Amino acid sequence: MQTKVEMRSCAERGDGIFSTTAFKAGDTIMTGIIQEVLKGNHSHASQIGENQYVFHAGLISKVNHSCNPNCGIRVNDMGGHDFIAMKDGSSDEEITFDYAMRNYGIDHFPEECMCGSSNCRGSVTGWQALSDDKKKEYQDFAAPYLFALDDKIRDQRENN
Ligand SMILES: [Zn+2]
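Read on for a plain summary of the structure. (Residues numbered from 1 in each chain as written. Predicted model: local features only at pLDDT ≥ 70, side-chain atom pairs only at ≥ 80, totals over all residues. Heavy atoms only, no water.)

Quick notes on the overall build of the chain
- Across its full length, the chain holds two helices and 10 strands.
- N-terminal to C-terminal, the α/β element order of the chain is β-β-β-β-β-β-β-β-β-β-α-α.
- Compactness check: the chain gives a C-alpha radius of gyration of 15 Å against a globular reference of 15 Å for 160 residues, within 12% of the reference.
- On the principal axes, the C-alpha backbone points of the chain span a range of 50 × 35 × 25 Å.
- Looking at the chain as a whole, 43% of its 160 residues qualify as buried.
- Here the contacts in the chain between residues at least 6 apart in sequence split such that 61% fall between residues at least 24 apart.
- For the chain, the exposed surface amounts to about 8600 Å²; the carbon and sulfur share of it is 46%.
- In the chain, 16 side chains carry a positive charge and 24 a negative one; their mean positions are 1 Å apart. (Helix = DSSP H or I, 4+ residues; strand = E, 2+ residues; numbered from the N terminus. Rg over C-alpha atoms; globule rule 2.2 N^0.38 Å. Buried < 20%, exposed > 50% of the residue type's maximum accessible area, 1.4 Å probe, protein only. Contact = heavy atoms within 4.5 Å. Areas by Shrake-Rupley, 256 points an atom, 1.4 Å probe, with all protein chains shown as cover. Lys, Arg positive; Asp, Glu negative; His and termini not counted. Charge placed at Lys NZ, Arg CZ, Asp CG, Glu CD.)

Describing the pairing of strand 1 (residues 5–9)
- Of the pairings in the sheet, the one linking strand 1 to strand 2 (residues 15–19) comprises five bridges and is antiparallel in character. Across the sheet, residue Arg8 finds its bridge partner in strand 2, namely Gly16. (Pairing = 2+ DSSP bridges.)

The structure is reproduced here in structure tokens:
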């Protein structure tokens, strides 16, 4: 079943993306279509590689961060980031993902996190700041280059 989403206003947090249908864990909620390849980072960019940033078409750049997200990322055949449900959800639920699933470090977001979840980290942090447990939880839902970068940094440390 095709999941449908739409943009709605969510008070103090600006706009958000909401599902208008129920969804199941593993469903593709949004398909990532790369609109433009960028020369550097930007507040609405998606990081898809160590030094690769793109704009996704459509509503993907409007999806809000949560420290307790209902979606994660999977790279599709076109190199874009599909949003995949990590758990079942109901219609009218806000679609969220953890920015750390996509960004190694966070350059462009306000320090304070407003996600309101019980396990909120307090600030929007990147992949490099996540605990090993969290990285394991996100294993199938984070951009592959993040794992490659972790490995690279570990190798560099061991070789010095
Ligand atoms: Zn949070």
